[in-house]
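# Residue-level structure breakdown
The primary structure of each chain is shown beneath.
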Amino acid sequence: MPIATPEVYAEMLDRAKAGKFAYPAINVTSTQTLHAALRGFAEAESDGIVQISTGGAEFLGGQYSKDMVTGAVALAEFAHIVAAKYGISVALHTDHCPKDKLDGYVRPLLDISAERVARGENPLFQSHMWDGSAETLTDNLAIGQELLAKAAAAKIILEVEITPTGGEEDGVSHEINDELYTTVDDALRTAEALGLGEKGRYLLAASFGNVHGVYKPGNVVLRPELLKDLQEGVAAKYGKPTGSQPFDFVFHGGSGSTEQEIATALENGVVKMNLDTDTQYAFTRPIVDHVFRNYDGVLKVDGEVGNKKVYDPRSWGKSAEAGMAKRVTEACANLRSTGTRLK
């Protein structure tokens, strides 16, 4: 099936971990950006992850009602149909969801998937993210335990963010400072609360200096080698073999990262890397170029009639899709997932 079953998603993540590569997780906000992501994966012959943030879901729900669940469900159902034409496996994920939005987003979506599974179907989404980075770690993990149990029952993988990522993402913001680094103690407390797979599988977004948004290389001090310390600290505590990697890590705030930083993260257990800022720009840049080159046609200047062929959304939409798809293929190359599709 083009939309990964729970078993296929688990296999995707296992293969990434073993092969030291990661899947780009592309944020989408429309059917058009969804097609761009799927096209990029297909052209790279890579499986991948498509994700919807709370803000993206609200946008998808329409500006009349701005209902996040409606928006997320609608795009997921659409994806289940159109992904069949792309020849890859793709997992559907919901991105950052803070505490005040759980009841309006992740919990209802978990219930929808639980109902589907009870009918003998697959879950609608393959994973959901709980972003408790604004809470104390104690409260964060307590909510994580509740959500992990519900996710596991619905054959869904939970993603948790245990410590802050700098910058701003859909209204959740943290300062860029020296606190943006997860400690071994944080990792040990996470393993104690959530287990190491026996309570349900989860992805861990640890902090190693990551910042959401736009920044140039060198402006943020990333320490992806820290992930090795977290893996080794937990492995030692739980009697795992030397060199084992108990956690499946997620790389947030990756825009502007160097190739070496990404490579180090992959070696230390990163299996998913989020991309939003870069793909937003890649989608919008061709539109700007189109408008500049066709100014008199896009606008009805000085009482003229314009040119329908250039203000037709399809005329610039095709270029936007191609631009974003190209950036997705580049991400696949950077994350070593090119040519690794299951099919």
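Residues numbered from 1 in each chain as written. Predicted model: local features only at pLDDT ≥ 70, side-chain atom pairs only at ≥ 80, totals over all residues. Heavy atoms only, no water.

### Concerning unusual backbone geometry
Positive phi is not limited to glycine here, since lysine 66 has a value of about 55°. Inspection of the secondary structure puts lysine 66 in the loop between α3 (54-60) and α4 (68-82). (Helix = DSSP H or I, 4+ residues; strand = E, 2+ residues; numbered from the N terminus.)

### Digging into the packing of aromatic side chains
Inspection of every chain in the model, using the stated rule, returns four aromatic pairs. Taken together, a centroid distance of 6.5 Å and an interplanar angle of 55° make the contact between tyrosine 202 and phenylalanine 247 tilted. Of the two residues, tyrosine 202 sits in strand β8 (residues 202-205) while phenylalanine 247 sits in the loop between α8 (226-237) and β9 (249-251), which places them 45 residues apart along the sequence. Given a relative accessible area of 7%, tyrosine 202 falls into the buried group. Their ring planes at 45° and their centres at 5.6 Å tell us that phenylalanine 247 and phenylalanine 249 sit as a pair that is tilted. An aromatic cluster is built from Tyr202, Phe247 and Phe249, whose rings are joined through pairwise contacts. (Phe/Tyr/Trp six-rings, centres within 6.5 Å; stacked < 30°, edge-to-face > 60°. Buried < 20%, exposed > 50% of the residue type's maximum accessible area, 1.4 Å probe, protein only.)

### Here's the deal with helix α10 (residues 277-293)
Along its 17 residues, α10 runs 25 Å from first to last C-alpha, staying within 8% of the 24 Å computed at 1.5 Å per residue. Those residues of α10 that sit buried are Thr279, Ala282, Phe283, Pro286, Ile287 and His290. (Expected span 1.5 Å × (residues − 1).)

### Topic: the pattern of salt bridges
For side chains bearing opposite charge, pairing can occur when the charged atoms are close. A complete count under the given rule lists 16 salt bridges for this structure. Among the ionic pairs, arginine 107 bridges to aspartate 103, the shortest N-O distance being 2.7 Å. Here aspartate 103 falls in the exposed class, since its relative accessible area comes to 58%. Arginine 201 is the salt-bridge partner of aspartate 248, the closest N and O atoms lying 3.0 Å from each other. Taken together, the residues aspartate 248 in the loop between α8 and β9 and arginine 201 in the loop between α7 (184-194) and β8 connect sequence positions 47 residues apart. (Salt bridge = Lys/Arg side-chain N within 4 Å of Asp/Glu carboxyl O.)

### Considerations on the environment of lysine 343
Tracing the chain through its elements places lysine 343 in the segment after α13 (313-334). Each C-alpha atom, one on lysine 343 and one on proline 2, is 9.6 Å from the other, the two residues being 341 residues apart in sequence.

### A few points about α7
Looking only at α7, the buried set comprises Asp186, Ala187, Thr190, Ala191, Ala193 and Leu194. On its buried face, α7 sits against α6 (137-153), β5 (157-161), β8 and α8. Phi turns positive one or two residues past the end of α7, at glycine 195, with a value near 80°. (Contact = heavy atoms within 4.5 Å.)

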